[in-house]
Amino acid sequence: MERDFQEMRELMVREQLVVRGIKDEKVLEAFRSVPRHLFVPYSEQHLAYRDHPLGIGRGQTISQPYIVALMTEALGLEGGEKVLEIGTGSGYQAAILAEIADTVYTVERIMQLQETARKVLDLLGYSNIRFRIGDGTRGWPEEAPFDRILVTAAALKPPPSLLSQLSEEGGRMVIPAGNCWSQDLLLITREKDDFKERVLCGCRFVPLIGNEGHKDDDA
Ligand code: SAM
């Protein structure tokens, strides 16, 4: 069975990532290694390598493999970075980041999701991931600055706290921004007080709910 999953991973890399232009070998290698099927509910494992998002409970999702790859590649990771992820969800994106970066700090507002994610990540032996339950729109001020910030839920605009916690020297943030129906995936780069923004593509994420995001009842 593990062999079947390995073959599915290889196919996912070739037919969903490489054909759509993902080139970074570090990213492709991470996708070959991380057992995505362990991050979805048991009954959905046979669907884990398909070309779409899946539900993980509590109205949340594990993103489509291509979107996870696109966001990871856009961060331009070399290997030594300190990365902040907002929205642990299933823990899959955190595992992909932890394969490449030095340390991953991941924040989730729904305790039950992070507990499940943490069990899988511990079982797989990731020792470079730090966990926090809370409102990720506030970031993780005690550990700032971060070389990279990845937000996996959509806000109307990038939360100021997250922008302020981005490294002043070549910091990069990837974040979906827009309303609940239509969003742009943004790449923000920082040099001192100069923030540049580029739209990578259109996208649709679950809402980022918190002090500097959507209110619970408008999401
Ligand atoms: N990175 C996840 C993965 O690999 O499975 C995908 C996460 S899902 C698309 C977005 C997640 O963001 C949800 O688990 C949701 O609960 C979480 N979220 C929403 N608002 C948040 C906030 N303010 N702080 C932390 N997590 C938040």
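Residues numbered from 1 in each chain as written. Predicted model: local features only at pLDDT ≥ 70, side-chain atom pairs only at ≥ 80, totals over all residues. Heavy atoms only, no water.

Draft legend 1. Inspection of the nonpolar core at higher detail. Grouped together as the largest cluster of nonpolar side chains are 51 residues, with contacts concentrated most on Phe 31 and Tyr 92. The set of elements that each furnish at least two residues to this core consists of helix H1 (2-17), helix H2 (25-33), strand E1 (54-57), helix H3 (65-74), helix H4 (92-100), helix H5 (111-123), strand E5 (129-133) and strand E8 (183-191). What Tyr 92 contacts, discounting residues up to four positions off in sequence, is Met 12, Phe 31, Val 34, Arg 36, Phe 39, Ile 62 and Val 68. With 18 residues, the next largest nonpolar core counts Val 107, Phe 146, Ala 177 and Leu 186 among its residues. (Core = buried A, V, L, I, M, F, W, Y, C linked by side-chain atoms within 4.5 Å. Buried < 20%, exposed > 50% of the residue type's maximum accessible area, 1.4 Å probe, protein only. Helix = DSSP H or I, 4+ residues; strand = E, 2+ residues; numbered from the N terminus. Contact = heavy atoms within 4.5 Å.)

Draft legend 2. The arrangement of the site of the ligand in detail. For the ligand, the set of nearby residues contains 28 residues, the closest of which are Gly 87, Ser 90, Glu 108, Gly 136 and Ile 209. Within the side chain of Ser 90, an N or O atom sits 2.6 Å from an oxygen atom of the ligand. Within the contact set of the ligand, an oxygen atom lies 3.0 Å away from a backbone nitrogen or oxygen of Gln 93. Judged by its atoms lying within 2 Å of the grid points, the ligand is housed in the largest pocket. Elements with a contribution of two residues or more to the shell around the ligand: strand E2 (60-62), strand E3 (82-86), H4 and strand E4 (103-108). If one sorts the elements of the shell around the ligand by residue count, E2 sits on top with three residues. Across the shell around the ligand, the residue classes break down as 11 nonpolar, 13 polar and four charged. (Near = heavy atom within 4 Å. Polar contact = N/O pair within 3.5 Å; in protein donor to acceptor, adjacent residues only side chain to side chain. 1 Å grid on protein atoms, 1.4 Å probe; cavity = no way out; pocket = protein on both sides within 12 Å on 5 of 7 lines; lining within 4 Å. Sits in = over half its atoms within 2 Å of the grid points. Nonpolar A, V, L, I, M, F, W, Y, C, P; charged D, E, K, R; others polar.)

Draft legend 3. The arrangement of unusual backbone geometry in detail. For the bond running from Ala 144 to Pro 145, omega is 5°, close enough to zero to count as cis. Checked against the element boundaries, Pro 145 lands in the loop between E5 and strand E6 (148-151). We note that Arg 58 has phi near 55°; this positive angle belongs to a residue other than glycine. Look at Arg 58 and you get partly exposed, because its relative accessible area is 48%. In this model, Lys 192 sits at a positive phi of 50°, which is unusual for a non-glycine residue. If you trace the backbone, Lys 192 turns up in the loop between E8 and strand E9 (194-203).

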